[in-house]
Amino acid sequence: MLSGVATFDLEPQGTAYWEQRLAALGPGDHLLVAEEAGVVLGYAASSPYRPRPAYARTREASVHLDPAAQGRGVGTTLYARLLDLLRADGIRTVLAVVALPNPASQALHRRSGFEPVGVLREVGRKHDRWIDTELWQCRL
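Student: Even after reading the chapter, I still don't get the pairing of strand β1 (residues 30-36), so can you show me in this structure?
Tutor: Two faces make up the sheet, and in a regular strand the side chains alternate between them. Of the strand pairs in this sheet, β1 and strand β2 (residues 39-48) are connected by 7 bridges, and their pairing is antiparallel. The residue bridging Val33 from the neighbouring strand is Tyr43, located in β2. Joining the antiparallel neighbours β1 and β2 is a turn of 2 residues, in which Ala37 adopts a positive phi near 55 degrees.

Set out below in structure tokens:
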């Protein structure tokens with residue numbers, strides 16, 4: 001996280017952040033954690049896309065993996081379970097944002113049923129450089 005751009009956080013999030021996030025979960029909001037022998041491999045989460053009522057059936061989703069878990073199918077499994085939960089919640093559209101370049105994340109999203117719908121140029125700044133993001137959409 002500190003050296004990459006998988007998240008635009010500039011500092012690691014502490015326990016209070018995760019407690020607050022869990023307390024705020026509502027319909028269509030999920031936080032799934034993959035672990036093995038007590039070690040966290042990664043997580044998948046969904047959250048509201050925008051606060052307006054017209055977006056109630058749209059969620060933003062993300063998957064973050066420990067580097068040791070990459071390439072083992074953990075991300076694919078997490079996304080499959082998350083998308084199943086969102087379908088059951090009546091969610092219509094799921095959006096995801098991928099910092100570029102990131103061929104592994106793009107492949108994960110493609111495998112999970114997302115399609116790229118556009119690139120936002122220089123919308124994030126981390127490690128003293130501007131970063132483009134790609135918006136992906138999955139219609140459930």
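Student: Looking at this model, I keep getting lost on helix α2 (residues 74-88). Mind explaining?
Tutor: Side chains of residues three or four places apart in an α-helix project in the same direction, reflecting 3.6 residues per turn. If you check α2, its first and last C-alpha atoms are 21 Å apart, about what 15 residues at 1.5 Å a residue would give, namely 21 Å. If you check which residues of α2 are buried, you get Val74, Gly75, Leu78, Tyr79, Leu82, Leu83, Leu85 and Leu86. The buried side chains of α2 occupy one side of the element, clustering within an arc of 160 degrees when seen end-on. Residues of α2 that are exposed and point more than 90 degrees away from the buried face comprise Thr77 and Ala88. Tucked into the core, α2 has its buried residues touching β1, β2, β3 (58-65), β4 (93-99), α3 (103-111) and β6 (129-139). In the stretch just after α2, Gly90 is the one whose phi turns positive, near 85 degrees.

Student: Would you take a moment to explain the sheet that holds strand β5 (residues 115-126) for this structure?
Tutor: Hydrogen bonds between backbone groups are what pair the strands of a sheet, and the pairing can be parallel or antiparallel. Here we have 6 strands laid out as an open sheet, ordered β1-β2-β3-β4-β6-β5, and mixed in their pairing. A single partner strand is all that each edge strand has here, and the edge strands are β1 and β5. Going across the sheet, the axis of each strand differs from the next one's by a mean of 25 degrees, ignoring polarity. With 7 bridges connecting them, β4 and β6 associate as antiparallel partners. Opposite Ala96, over in β6, you have Trp136 as the bridge partner.

Student: Teacher, can you tell me more about the pairing of β2 here?
Tutor: Where β2 and β3 come together, 7 bridges link them in antiparallel fashion. Residue pairing for β3: Pro48 is matched across the bridge by Arg59.

Student: Can you walk me through the pattern of salt bridges in this structure?
Tutor: Pairing of side chains with opposite charge becomes possible as their charged atoms draw close. Applying the stated criterion across every chain, the model contains 5 salt bridges. Here Arg87 makes a salt bridge to Asp84, at a shortest N to O gap of 3.2 Å. With a gap of 3 residues between them, Arg87 and Asp84 both fall in helix α2, about one helical turn apart.

Student: What am I meant to see in the side chain of Arg59 here?
Tutor: With respect to the element layout, Arg59 can be found in strand β3. The buried category is assigned to Arg59, whose relative accessible area is 7%. Looking at Arg59, its side chain comes within polar contact range of the main-chain oxygen of Gly28, at 3.1 Å. Looking at Arg59, its side chain comes within polar contact range of the main-chain oxygen of Ala56, at 3.1 Å. Not counting chain neighbours up to four residues away, the residues in contact with Arg59 comprise Pro27, Gly28, Asp29, Ser46, Ser47, Pro48, Tyr49, Leu86, Ile91, Thr93, Val94 and Leu95.

Student: What am I meant to see in the environment of His109 here?
Tutor: Summarising the element assignment, His109 is placed in helix α3. For His109, a relative accessible area of 4% gives the class buried. Taking the C-alpha atoms as reference, His109 lies 9.0 Å from Val98; in sequence the two are 11 residues apart. Not counting residues up to four positions away in its chain, the partners in contact with His109 are Tyr79, Ala96, Val98, Phe114 and Trp136.

Cut-off values and rules
Residues numbered from 1 in each chain as written. Predicted model: local features only at pLDDT ≥ 70, side-chain atom pairs only at ≥ 80, totals over all residues. Heavy atoms only, no water. Pairing = 2+ DSSP bridges. Helix = DSSP H or I, 4+ residues; strand = E, 2+ residues; numbered from the N terminus. Expected span 1.5 Å × (residues − 1). Buried < 20%, exposed > 50% of the residue type's maximum accessible area, 1.4 Å probe, protein only. Arc of directions from axis to C-beta. Contact = heavy atoms within 4.5 Å. Axes fitted to C-alpha atoms, helices over the stretch in contact; angles between N-to-C directions. Salt bridge = Lys/Arg side-chain N within 4 Å of Asp/Glu carboxyl O. Polar contact = N/O pair within 3.5 Å; in protein donor to acceptor, adjacent residues only side chain to side chain.

Take it as geometry only, folks, not as evidence of what the structure does.
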